Amino acid sequence: KNGGSDGGSNGNNKSNNNSDIEGPSENMIYRNIEAAFRYLTVVRHIPPHQIILYGRSLGSGPSCYLAAKSALEGASVGGLILHSPFLSVYKVVADLNGLDLGTFGDLFHNEKRARNVRCPTLIIHGKKDEVVPFWHAPRLLAAIPPEFRAQPYYVENMGHNHIESRCREQYVKVVLNFLRMGVW
């Protein structure tokens, strides 16, 4: 462990001491998605514009992060699908609809990162979601530049889970239409 402020490992530690093992963290998740992206682009030679990111719930954090990061680096991914996404972790827990306290320690700032997304983006969210309140979806959509917003799929009478299984036909139709828009 490097003892740095990011809590990350420098990759040079060969110790088997459990205290040296980095636990799960936001930064580790970002490093993992960056490693997967590097594998696809460097090893498999897939151009970034042919990569579609899909982030469901907590997965919306790293997906939104990578979509924004790739855009800022001038090689945006080809599309972003956010299924039951949230604005940030604290905004889910506190359910502060619209109130932004700028709380120290908040995780996965999707709403702030969405402003830098430069690829077509589809948001899927159940209107009866009790895990991530529905109001996160339209607010996150509004944070994405207008030219990159696809028609969202907001599902009546559905919660956080089962949209893809209980509404399979419409779900598949929406996702395929998104991909056929020239995203992929």
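Definitions and limits used
- Residues numbered from 1 in each chain as written.
- Predicted model: local features only at pLDDT ≥ 70, side-chain atom pairs only at ≥ 80, totals over all residues.
- Heavy atoms only, no water.
- pLDDT = per-residue confidence, 0-100.
- Contact = heavy atoms within 4.5 Å.
- Core = buried A, V, L, I, M, F, W, Y, C linked by side-chain atoms within 4.5 Å.
- Buried < 20%, exposed > 50% of the residue type's maximum accessible area, 1.4 Å probe, protein only.
- Helix = DSSP H or I, 4+ residues; strand = E, 2+ residues; numbered from the N terminus.
- Expected span 1.5 Å × (residues − 1).
- Arc of directions from axis to C-beta.
- Phe/Tyr/Trp six-rings, centres within 6.5 Å; stacked < 30°, edge-to-face > 60°.
- Pairing = 2+ DSSP bridges.
- Axes fitted to C-alpha atoms, helices over the stretch in contact; angles between N-to-C directions.

**Remarks on the confidence of the model for the protein**
Part 1 of the argument: Looking at the protein as a whole, its pLDDT mean stands at 84, while 80% of the residues score no less than 70.
Part 2 of the argument: Ignoring residues within four places in sequence, the model shows residues 1-15, a span with pLDDT below 50, making 15 contacts including any to other chains.

**So, the nonpolar core**
Part 1 of the argument: Ranked by size, the top nonpolar core spans 27 residues in total, and within it Leu-53, Ala-67, Leu-80 and Ile-123 carry the most contacts.
Part 2 of the argument: When contributions to this core are tallied by element, the ones reaching two or more residues are helix H1 (26-43), helix H2 (60-72), strand E2 (79-83) and helix H5 (136-143).
Part 3 of the argument: In this structure, Ile-123 is in contact with Leu-82, Pro-85, Ala-137, Leu-140, Leu-141, Ile-144, Pro-152, Tyr-153 and Tyr-154, ignoring residues within four places of it in sequence.
Part 4 of the argument: Counting 14 residues, the second-largest nonpolar core is a separate cluster that includes Leu-122, Ala-150, Tyr-153 and Val-155.

**Quick notes on H1**
Part 1 of the argument: Between its first and last C-alpha, H1 extends 25 Å over 18 residues, near the 26 Å set by a 1.5 Å rise per residue.
Part 2 of the argument: Restricting attention to buried positions, one finds in H1 the residues Glu-26, Tyr-30, Ile-33, Glu-34, Phe-37 and Thr-41. Considered in projection along H1, the buried side chains sweep an arc of 100 degrees and stay on one side of the axis.
Part 3 of the argument: Along its buried surface, H1 packs onto H2 and helix H4 (110-114).

**Looking at the packing of aromatic side chains**
Part 1 of the argument: In total, this model carries two aromatic pairs according to the counting rule given.
Part 2 of the argument: Measuring from ring centre to ring centre gives 3.9 Å for Tyr-30 and Tyr-65, while their planes differ by 10 degrees; the resulting arrangement is stacked. You can see Tyr-30 sitting in helix H1 and its partner Tyr-65 sitting in helix H2, a full 35 residues away along the chain.
Part 3 of the argument: Classification of Tyr-30 by relative accessible area gives buried; the value is 5%.
Part 4 of the argument: Judged by its relative accessible area of 14%, Tyr-65 falls in the buried class.
Part 5 of the argument: An angle of 90 degrees between the planes, with centres 4.9 Å apart, marks the rings of Phe-134 and Tyr-154 as edge-to-face. With a gap of 20 residues between them, Phe-134 in the loop between strand E3 (121-126) and H5 and Tyr-154 in strand E4 (residues 153-155) connect regions that are remote in the sequence.
Part 6 of the argument: Judged by relative accessible area, Tyr-154 falls into the partly exposed class, the value being 22%.

**Some details on the sheet that holds strand E1 (residues 52-56)**
Part 1 of the argument: Ordered in space as E1-E2-E3-E4, the four strands form an open sheet in which the pairing is parallel. Among the strands making up the open sheet, the edge pair consists of E1 and E4. For this sheet the average axis-to-axis angle between neighbouring strands, irrespective of direction, equals 5 degrees.
Part 2 of the argument: The pairing of E1 with E2 spans five bridges and is parallel. Counterpart to Arg-56 in the pairing with E2 is His-83.
Part 3 of the argument: Strands in contact with H2 are E1 and E2; relative to E1, the strand with the most contacts, it is inclined by about 150 degrees.
Part 4 of the argument: Set on the sheet, H5 makes contact with E2, E3 and E4; between it and E3 the angle comes to about 170 degrees.

**Considering H5**
Part 1 of the argument: For H5, the set of buried residues is His-136, Ala-137, Leu-140, Leu-141 and Ala-143. Projection of H5 onto a plane perpendicular to its axis shows the buried side chains occupying an angular sector of 155 degrees, all on one side.

**Quick look at the environment of Pro-138**
Part 1 of the argument: Within the secondary structure, Pro-138 sits in helix H5.
Part 2 of the argument: In the structure, Pro-138 is positioned 16 residues away from Tyr-154 in sequence and 9.2 Å away in space, judged by C-alpha atoms.

**Side note on the pairing of E3**
Part 1 of the argument: In terms of burial, E3 is largely enclosed, as six of its six residues are buried.
Part 2 of the argument: Side chains Thr-121, Ile-123 and His-125 project from E3 onto one buried face, and the interleaved Leu-122, Ile-124 and Gly-126 project onto a second face that is buried too.
Part 3 of the argument: Where E2 lies against E3, four bridges are found, and the strand directions are parallel. If you follow His-83 over to E3, its bridge partner there is Ile-124.

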